[in-house]
Amino acid sequence: MPTPPSPVENPRRQQIRREAARLFAARGFLGVGVDEIGRAVGISGPGLYRHFAGKDAMLADLLVGISERLLDEGRRRVDEAADARAALDALLQGHIDFALDESALITLHDRELLHLPDEERHRVRSLQRQYVELWVTVAGDSFPGLGKDARAAVHAVFGLLNSTPHSAAGQSGDAADRTAMAALLHRLALGALGAAAQAAEA
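Residues numbered from 1 in each chain as written. Predicted model: local features only at pLDDT ≥ 70, side-chain atom pairs only at ≥ 80, totals over all residues. Heavy atoms only, no water.

If you check an unreviewed UniProt entry, the chain appears there as TetR/AcrR family transcriptional regulator from Streptacidiphilus cavernicola.

Structural notes on the packing of helix H4 (residues 84–101) against helix H5 (residues 103–112)
Contact pair H4 / H5: the axes reach a minimum separation of 5 Å and the direction vectors enclose 85 degrees. One element, H4, and the other, H5, form an angle in the roughly perpendicular class. In this structure, H4 uses Phe98, Ala99 and Asp101 to contact H5, whose residues at the interface are Ser103, Leu105 and Ile106. Taken together, the residues of the contact of H4 with H5 sort by class into 4 nonpolar, 1 polar and 1 charged. (Axes fitted to C-alpha atoms, helices over the stretch in contact; angles between N-to-C directions. Helix = DSSP H or I, 4+ residues; strand = E, 2+ residues; numbered from the N terminus. Parallel < 35°, antiparallel > 145°, perpendicular 65-115°, else oblique. Contact = heavy atoms within 4.5 Å. Nonpolar A, V, L, I, M, F, W, Y, C, P; charged D, E, K, R; others polar.)

Description of the side chain of glutamate 112
Here glutamate 112 lies in helix H5. From its side chain, glutamate 112 meets the backbone nitrogen of phenylalanine 29 in a polar contact 3.1 Å long. With near-sequence residues (within four places) excluded, glutamate 112 lies in contact with Phe24, Gly28, Phe29, Leu59 and Leu63. (Polar contact = N/O pair within 3.5 Å; in protein donor to acceptor, adjacent residues only side chain to side chain.)

Structure representation (structure tokens):
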């Protein structure tokens with residue numbers, strides 16, 4: 001399941017966020033105007049300013065917001081897990097759901113992070129570092145053989161998970177395909193971590 005929105009989230013703001021992410025990912029941040037986002041949600045471009053200060057604020061909301069959600073959800077999953085392996089499985093499932101269900105945000109991060117003001121860009125980087133460290137700790141506990149290679153192995157797993165939505169298999173929209181892809185990604189990620197641990201121990 002995708003990471004749930006805050007229960008107090010304004011539905012219109014949610015709609016604007018989804019459409020802005022879709023348009024920014026498809027056309028690029030600089031290639032999309034406020035009026036176009038407004039048309040996509042059925043309101044005038046100026047009407048968007050009741051919800052966001054401007055296009056820059058939308059991008060910051062999207063990129064800072066997903067970084068906060070991933071970290072908060074990751075911590076919750078780890079806290080609720082019975083042991084290290086359960087925590088790793090829970091982290092994997094959460095990130096796989098994100099990668100398959102919110103691929104536009106992956107594209108935005110890859111291409112548009114440079115358009116954030118310095119303060120928001122530093123905030124995103126800080127949140128990401130904390131998220132990585134959470135994974136490094138859990139992966140190291142699950143595969144002690146990783147040792148000093150745990151961080152590199154985690155980044156490799158992120159690369160695997162985050163690249164898949166750009167393929168046709170990650171975008172088919174078919175529920176059975178999505179379930180199969182999620183299971184495949186889970187197996188591949190665990191296999192990659194296990195192989196890295198074996199290599200580190202060799």
